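One-letter residues, chain by chain:
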Amino acid sequence: EGRITTLMQRMTLRQKLGQLIQADITAIKPADLKRYPLGSILAGGNGGPYGNERADTATWVRLVGEFRAVSRRSGAGIPILFGVDAVHGHSNLPGATIFPHNIGLGAAHDPELIQRIGAVTAAELSGSGIDWTFAPTLAVPQDLRWGRSYEGYSAQPSLIAAYARALTLGLQGPITAGTPLPANKVAATAKHFVADGGTEGGKDQGDARMSEAELVAVHAAGYALAVETGVLAVMASFSSWNGVKAHGNRYLLTDVLKGRMGFDGLVVGDWNGHGQLPGCTPTDCALTINAGLDLVMAPDSWKGMFDSTLRHARRGTIPITRIDDAVRRVLRVKAQLGLLDPAPMERGDPARVGTPDHLAVAREAVAKSLVLLKNNDGVLPIRPGARVLITGPGADDMAMQSGGWTVTWQGTDTTAADFPKGQTVGRAIAAAVRDAGGEAVIAADGAAAAKPDVAIVVFGEQPYAEFQGDVPDLAFRPLAGEAELIARLKAQGIKAISVFLSGRPLFVPKLINASDAFVAAWLPGSQGQGVADVLVARRDGTPARDFTGRLPFAWPADARSPITAPLWPVG
Ligand code: GLC
């Protein structure tokens, strides 16, 4: 605190205000920091180093290094904080370890695994020079029509609380006052504060209408544990509570989070979320800073935001006491990351990205995420020596099994080349069948030369992120004749095992009824081998791992939402 006070005493008003604004790499160059001494840079969902969304680790290190170098040489010489959405591993980076999305991790019911996932993610982020991730998401989705349901771990607040602590610890390590985090740890962000998963109809950025008692009991469950564990950042939600946007809610951001809960890190905004406030625009909003936001995420609006905030500061519409409190919070996080040291901490080691030990953690997580919903006549695990057809639109599709927030924002345009260390579910199953002495054919259209003993049909949702995943009801919308495919197989007397790739439970009765076995695989990420470890028996007849996953959300018995009478309850 003393060092921060000394630093602040020699900072100009411009230098202080710069610390309260964050720009996106698609809208700022390192040289801009000479004139605009901003405190933080982010690489949002859509964008990569020098315009390349598939840049490699060394290129990330170079980009972050350039911003850091200019920030240290100009103004008060305070290095920038660099943040990304590493929400299921360092998912911006091809070759990084991509974990199952949170809904699958919720099915695993394993906080110790979550802590290891945090540690792997932090090692790979810092290996890229990055020191901050906008994770964990602590949403408690109540209506699965929400396009971000898969970013929630579970409908159970108690699990969210356990995971909040585990992931924060994994990413940051324990906080020791006055001692910076080690070079392989990064700052975590509890998001989106608060009740992002409780909006009417599951509408993304919508309005959560409820009593404060319900807000606390359900939606704030993870924040108390995250704050207690020392989470360094909290991100304000786009959504509203009883009609008031979180970005402008002084009661929640200041009185509750900072006052009652004692949060002493920084509150960051979400992607121009301040611009949605009454009387505000993306380039002008005193209200959000006065409400308690400390760092405004002004991706492409940072220049206007800087100039308007300077005017507000000079006029006193933003009190200097509020500005100083926000600056102190930002500098406190930087001090905790070792960025204020005379020789600022240079993070990590590029060689730590996608290592075998990291991939093994993801493979374990995939296996633990699978939920067995049906298994007639013990058709699973697949016997050694079986002849297997692997088919369906998801059989050999890394995009479908990884979902949104993967290499690109929506995750819709990725290919196997973007996952050099991964394998699709289909290829992993084929390899495991052959290792056990069987035969395997992958044919997305279901055609096979010789009649197979069993067919694995992999299908589900196409990738989506945020509001692009909002749906009117929970009915599954087949992509490419999945029902006809399974019917054809059954007509030939071939047993059908369905593997369902989805960001949420969906109403899919015909396909469940037609299948001999049905597995909820969620969005497993790059390590398809984790699916094979459970579905395919080895030569000795036993699978590498058994099913242990339990439903993190109830499975719907019809297309209506919220779910009233589930087909299968929360596990
Ligand atoms: C997005 C998301 C938020 C993310 C931020 C930066 O709009 O709402 O979760 O951290 O922008 O990409």
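For the structure itself, look to the data block above.
From a predicted model like this one, the values you see are computed outputs, not experimental measurements.

Conventions adopted
- Residues numbered from 1 in each chain as written.
- Predicted model: local features only at pLDDT ≥ 70, side-chain atom pairs only at ≥ 80, totals over all residues.
- Heavy atoms only, no water.
- Salt bridge = Lys/Arg side-chain N within 4 Å of Asp/Glu carboxyl O.
- Helix = DSSP H or I, 4+ residues; strand = E, 2+ residues; numbered from the N terminus.
- Buried < 20%, exposed > 50% of the residue type's maximum accessible area, 1.4 Å probe, protein only.
- Pairing = 2+ DSSP bridges.
- 1 Å grid on protein atoms, 1.4 Å probe; cavity = no way out; pocket = protein on both sides within 12 Å on 5 of 7 lines; lining within 4 Å.
- Points joined across faces, edges and corners; volume = space filled by probe spheres on them.
- Nonpolar A, V, L, I, M, F, W, Y, C, P; charged D, E, K, R; others polar.
- Core = buried A, V, L, I, M, F, W, Y, C linked by side-chain atoms within 4.5 Å.
- Contact = heavy atoms within 4.5 Å.
- Near = heavy atom within 4 Å.
- Polar contact = N/O pair within 3.5 Å; in protein donor to acceptor, adjacent residues only side chain to side chain.
- Areas by Shrake-Rupley, 256 points an atom, 1.4 Å probe, with all protein chains shown as cover.
- Sits in = over half its atoms within 2 Å of the grid points.
- Expected span 1.5 Å × (residues − 1).

Draft legend 1. Representation of the pattern of salt bridges in the model. Counted according to the given criterion, the structure contains 30 salt bridges. Notably, a salt bridge pairs Arg54 with Asp418, separated by 2.7 Å at the nearest N-O pair. Here Arg54, found in the loop between strand S2 (40-43) and helix H3 (57-73), pairs with Asp418, found in the loop between helix H14 (398-402) and helix H15 (425-435); they are 364 residues apart in sequence, far enough to count as distant. A salt bridge links Asp110 to Lys368, with the nearest nitrogen and oxygen atoms 2.8 Å apart.

Draft legend 2. Quick look at the pairing of strand S1 (residues 21-24). Residues Ile21 and Ala23 point to one face of S1 and Gln22 and Asp24 to the other, with burial holding for every one of them. Sheet analysis places S1 next to strand S11 (residues 296-297), joined by two bridges and oriented parallel. Opposite Gln22, over in S11, you have Met297 as the bridge partner. Examined bridge by bridge, S1 and S2 share three bridges and lie parallel to one another. When the bridges of S2 are listed, Asp24 appears paired with Leu42.

Draft legend 3. Representation of the layout of surface pockets. Estimates place the volume of the largest pocket at around 440 Å³. Looking at the largest pocket, it is lined by 21 residues, and the ones nearest its centre are Ala177, Gly178, Arg332, Ala335 and Gln336. Of all the secondary structure elements, the ones that give two or more residues to the lining of the largest pocket are helix H1 (2-9) and helix H12 (320-336). Considering each element in turn, the lining of the largest pocket owes the most residues, four residues, to H12. Looking at the lining of the largest pocket, its residues break down into ten nonpolar, six polar and five charged. There is about 340 Å³ of room inside the second largest pocket. Along the walls of the second largest pocket sit 22 residues, with Asp270, Trp271, Trp405, Trp409 and Glu466 positioned nearest its centre. Here the residues of the lining of the second largest pocket sort into nine nonpolar, seven polar and six charged.

Draft legend 4. Inspection of the nonpolar core at higher detail. With 150 residues, the main nonpolar core has Phe82 and Trp555 as its most contacted residues. Counting residues per element, this core draws most heavily on helix H6 (residues 157-172), at seven residues. Phe82 has contacts with Ile25, Ile41, Ala43, Trp60, Leu63, Val64, Phe67, Arg68, Ile130, Asp131 and Trp132, leaving out every residue within four places of it along the chain. Of all hydrophobic cores here, the second largest spans 33 residues; its members include Met400, Ile429, Ala432 and Ala521.

Draft legend 5. Here's a closer look at the site of the ligand. Taken together, 15 residues are adjacent to the ligand, and Asp85, Arg148, Lys191, His192 and Asp270 come closest. At 2.8 Å, a side-chain N or O of Arg148 approaches an oxygen atom of the ligand. Between the ligand and the protein, one listed contact pairs an oxygen atom with a side-chain N or O atom of Lys191 at 2.9 Å. Bound to the protein, the ligand loses 97% of the 310 Å² it would expose on its own. Most atoms of the ligand, that is more than half of them, are within 2 Å of grid points of the second largest pocket. Classifying every residue of the shell around the ligand by side-chain character gives seven nonpolar, three polar and five charged.

Draft legend 6. Molecular detail of the sheet that holds strand S6 (residues 207-208). Spatial strand order, S6-S8-S9: three strands in an open sheet with mixed pairing. The sheet is open, and its two borders are formed by S6 and strand S9 (244-245), each paired with just one other strand. Note that strand S8 (residues 240-241) and S9 share two bridges and pair antiparallel. What sits directly across from Ser240, in S9, is Lys245.

Draft legend 7. Structural view of unusual backbone geometry. The linkage connecting Lys191 with the following residue, His192, adopts the cis geometry, with an omega of -15°. Checked against the element boundaries, His192 lands in strand S5 (residues 189-193). Look at Val407: it is not a glycine, yet its phi comes out positive at around 65°. Within the secondary structure, Val407 sits in the loop between H14 and H15.

Draft legend 8. Region of the structure containing helix H5 (residues 111-127). The end-to-end C-alpha distance of H5 is 24 Å, a good match for the 24 Å that 17 residues give at a rise of 1.5 Å each. When you tally the buried positions in H5, you get twelve out of 17 residues, the bulk of the element. Every buried residue of H5 is accounted for by Leu113, Ile114, Ile117, Gly118, Val120, Thr121, Ala122, Ala123, Glu124, Leu125, Ser126 and Gly127. Buried residues in H5 make contact with H3, strand S3 (81-84), helix H4 (102-108), strand S4 (132-133), H6 and helix H13 (356-369). Positive backbone phi, approximately 90°, marks Gly129, located one or two places after H5.

Draft legend 9. Expanded view of empty space enclosed by the protein. As enumerated under the stated definition, the model contains five cavities of 30 Å³ or more in all. Lining the largest cavity are 17 residues, and of these Val87, His88, Asn102, Ile117 and Leu167 sit closest to its centre. Those elements giving two or more residues to the lining of the largest cavity turn out to be H4, H5 and H6. No other element matches H5, which puts three residues into the lining of the largest cavity. Of the residues in the lining of the largest cavity, the class split is twelve nonpolar, five polar and no charged. Roughly 90 Å³ of volume is contained in the second largest cavity. As for the second largest cavity, its lining consists of Met11, Gln15, Gln19, Leu33, Pro37, Leu38, Ser71, Ser74, Gly75, Ala76, Gly77 and Ile78. Of the residues assigned to the lining of the second largest cavity, the class counts are six nonpolar, six polar and no charged.

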